[in-house]
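Observations on chain architecture
Here are the chains, one letter per residue:
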Amino acid sequence: MIDEAYERDSDDQERLYIGASGIGNACPAAISFGFRGFPETPPKPRTKRIFRDGRRIEWDVIKDLKKAKVNVLEVDPLTGKQWEHRTCGHIIGHADGLIEGAKGSLSLLEIKSMNDARWKKCIKEGVKFSDRHYYDQVQLMMGMASLEDCHFLFYNKNTSDYGHEVIPFSEFDYAALLVKAEAIMRGDVQRIAETEDDWRCRGCFRFDACWCDELPKRKTMRSCANSVAEHDGSWSCANGCTNECKDWEPWRPKNRS
Ligand code: SF4
């Protein structure tokens, strides 16, 4: 009954931008389907609860940091909301918070919760090698926010141990992520897999859009193969459409060659 209740929950909130938390997805087609408004294959109830628990742990970690007298700035005082940074018109990132150092310096704060095996791997190898998508997320965030380092705090869900790593900003990695995002904005991306039975497609939230031709609810410029995303936040069409699509055809990623 609980699973059924979770299945009834619908998350209609479309995230129609290239998010920092998603940029590290190894499949650029998966990022593109989300950005272009194609439907998501609904997560299983268990997965929804894992996401919920992750959010709850994040709040608890913030409380722990405050208990330890770390100066955490959870929200942007100008907006009263989560810190938000943007670039190239369509790339947006939200930070878990900023940490203010003794001399007033600011660092990015990123909080993750992990199971024991993953946590140990992260301790042993470092975030860059154990969890590349998290590393990419914080590099993109630091680049957009002009920050020099990130306090990456990872919480062990089995033992309640903390892990901590200071990740320095890399101009090189940031530039590479912008190149990836630009290709997504142009719609010029390949699937990571050649066939739908590839292990990397298992559990992908865009599987139905990718391999079963599930289409968006609305025929908009964003989801049309003829349009590209511009740096001013708009969309432009190769056939000259402006608000309404006259020759709509669904965007598709290129097949892997
Ligand atoms: S189903 Fe596979 S190829 Fe398609 S978007 Fe997802 S990961 Fe990429």
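Below or above, wherever it landed, is the structure these notes cover. (Residues numbered from 1 in each chain as written. Predicted model: local features only at pLDDT ≥ 70, side-chain atom pairs only at ≥ 80, totals over all residues. Heavy atoms only, no water.)

1. Some words on the overall build of the chain
We apply this condition: To qualify as a helix, a DSSP run of H or I must reach at least 4 residues; to qualify as a strand, a run of E must reach at least 2; elements of each kind are numbered from the N terminus. Only the C-alpha atoms count toward the radius of gyration. The rule for a globule is 2.2 Å times the residue count to the power 0.38. Accessibility here uses a 1.4 Å probe with only protein chains present; expressed as a share of the type maximum, an area under 20% marks a residue as buried, one over 50% as exposed, and anything in between as partly exposed. When checking whether two residues touch, look at their non-hydrogen atoms; a contact exists if any pair is within 4.5 Å. Counted as positive: Lys and Arg. Counted as negative: Asp and Glu, with His and the chain ends omitted from the count. Where a charge lies is defined by one atom per residue type, namely NZ (Lys), CZ (Arg), CG (Asp) and CD (Glu).
Regarding its fold elements, the chain presents 8 helices and 12 strands. Here the C-alpha radius of gyration of the chain, 19 Å, is about what a compact globule of 257 residues would show, namely 18 Å. Seen along its three principal axes, the alpha-carbon backbone of the chain occupies a region of about 60 × 45 × 35 Å. Within the span of the chain, comprising 257 residues, buried residues form 44% of the whole. Within the chain, contacts between residues at least 6 apart in sequence are counted, and of these 67% link residues at least 24 apart. Averaging the locations of the 39 positively and 42 negatively charged side chains of the chain gives two centres separated by 2 Å.

2. Here we look at the pattern of salt bridges
Counted only if it meets this: Throughout this description, the term salt bridge denotes a Lys or Arg side-chain nitrogen within 4 Å of a carboxyl oxygen of Asp or Glu.
All chains considered together, the criterion is met by 17 salt bridges. Between Asp116 and Lys120 there is a salt bridge, and its shortest N-O distance comes to 2.8 Å. Placement of both Asp116 and Lys120 in helix H4 (residues 116–125) is noted, with a separation of 4 residues, approximately one turn of the helix. Here Arg132 ties to Asp173 by a salt bridge, and the two come within 3.7 Å at their closest N and O atoms. With Arg132 in helix H6 (residues 132–145) and Asp173 in helix H7 (residues 171–186), the pair connects residues that are 41 residues apart, well separated along the chain. In this structure Arg132 comes out as partly exposed when scored by relative accessible area, which is 36%. Take Asp173: its relative accessible area is 10%, and that puts it in the buried class. In this structure, a network of salt bridges that share partners links the residues Arg52, Asp53 and Arg56.

3. Brief notes about unusual backbone geometry
The phi angle at Ser146 is positive, at roughly 55 degrees, despite the residue not being glycine. Turning to its location among the elements, Ser146 is positioned in the loop between H6 and strand S9 (149–156). For Ser146, a relative accessible area of 62% corresponds to the exposed category. The phi torsion at Ser160 lies on the positive side, around 65 degrees, for a residue other than glycine. Among the secondary structure elements, Ser160 is positioned in the loop between S9 and strand S10 (162–168).

4. Here we look at the packing of aromatic side chains
Put simply, the rule is: A pair of Phe, Tyr and Trp rings is counted when the ring centres sit within 6.5 Å of each other, with Trp represented by its six-membered ring. The angle between the planes then sorts it: under 30 degrees is stacked, over 60 is edge-to-face, the rest tilted. Each ring is checked for a lysine NZ or an arginine CZ that lies within 6 Å of its centre and within 35 degrees of its normal; such an atom marks a charge sitting over the ring.
Inspection of the entire model under this criterion finds 10 aromatic pairs. Each ring, one from Trp119 and one from Phe154, has its centre 6.2 Å from the other, and the planes form 50 degrees; the classification is tilted. Of this pair, Trp119 sits in helix H4 while Phe154 sits in strand S9; the two residues are 35 residues apart in sequence, bridging distant segments of the chain. Taking 5.3 Å as the distance between ring centres and 70 degrees as the angle between the ring planes, the aromatic pair formed by Tyr155 and Tyr162 counts as edge-to-face. By relative accessible area, which is 17% here, Tyr155 ends up buried. Among the aromatic residues, those joined into a cluster by ring pairs are Trp119, Tyr134, Phe152 and Phe154. Lying over the aromatic face of Tyr6, Arg49 brings its terminal NZ or CZ to 4.9 Å of the ring centre.

5. Considering the nonpolar core
In plain terms, the rule: Residues belong to one nonpolar core when they are buried, are Ala, Val, Leu, Ile, Met, Phe, Trp, Tyr or Cys, and are joined through side-chain atoms within 4.5 Å.
In terms of nonpolar packing, the biggest core is built from 56 residues, with Ile18, Ile91, Leu108, Leu140, Phe152 and Ile167 touching the most fellow members. Taken together, the elements giving at least two residues each to this core come down to helix H2 (28–35), strand S8 (106–114), H4, H6, S9, H7, helix H8 (207–211) and strand S12 (235–237). If you tally residues by element for this core, the top one is H6, at 8 residues. Setting aside chain neighbours within four positions, we find Leu108 in contact with Ala95, Gly97, Leu98, Val138, Met141, Met142, Leu147, Asp149, Cys150 and His151.

6. A closer look at the sheet that holds strand S6 (residues 91–94)
The condition that has to hold: Paired strands, as defined in this entry, are two strands with at least two bridges between them according to DSSP. Between N-to-C directions, angles span 0 to 180 degrees; the directions come from axes that are lines fitted to C-alpha atoms, helices contributing only their stretch in contact.
Strand order in the open sheet formed by 3 strands is S1-S6-S5, and the pairing between neighbours is mixed. Two strands bound the open sheet, and with one partner strand each, they are strand S1 (18–19) and strand S5 (84–87). Where H6 meets the sheet, it contacts S5 and S6, and its direction lies at approximately 100 degrees from that of S6.

7. Overview of the side chain of Gln139
How we decide: For the purposes of these results, a polar contact is taken to be a pair of N or O atoms within 3.5 Å, where, inside protein, one atom must be able to donate a hydrogen and its partner to accept one; residues adjacent in sequence count only when each atom of the pair is a side-chain atom.
Tracing the sequence through the fold places Gln139 in helix H6. Here Ser170 takes part through its backbone nitrogen, which lies 2.9 Å from a polar atom of the side chain of Gln139. With near-sequence residues (within four places) excluded, Gln139 lies in contact with Ile167, Pro168, Phe169, Ser170, Asp173, Tyr174 and Leu177.

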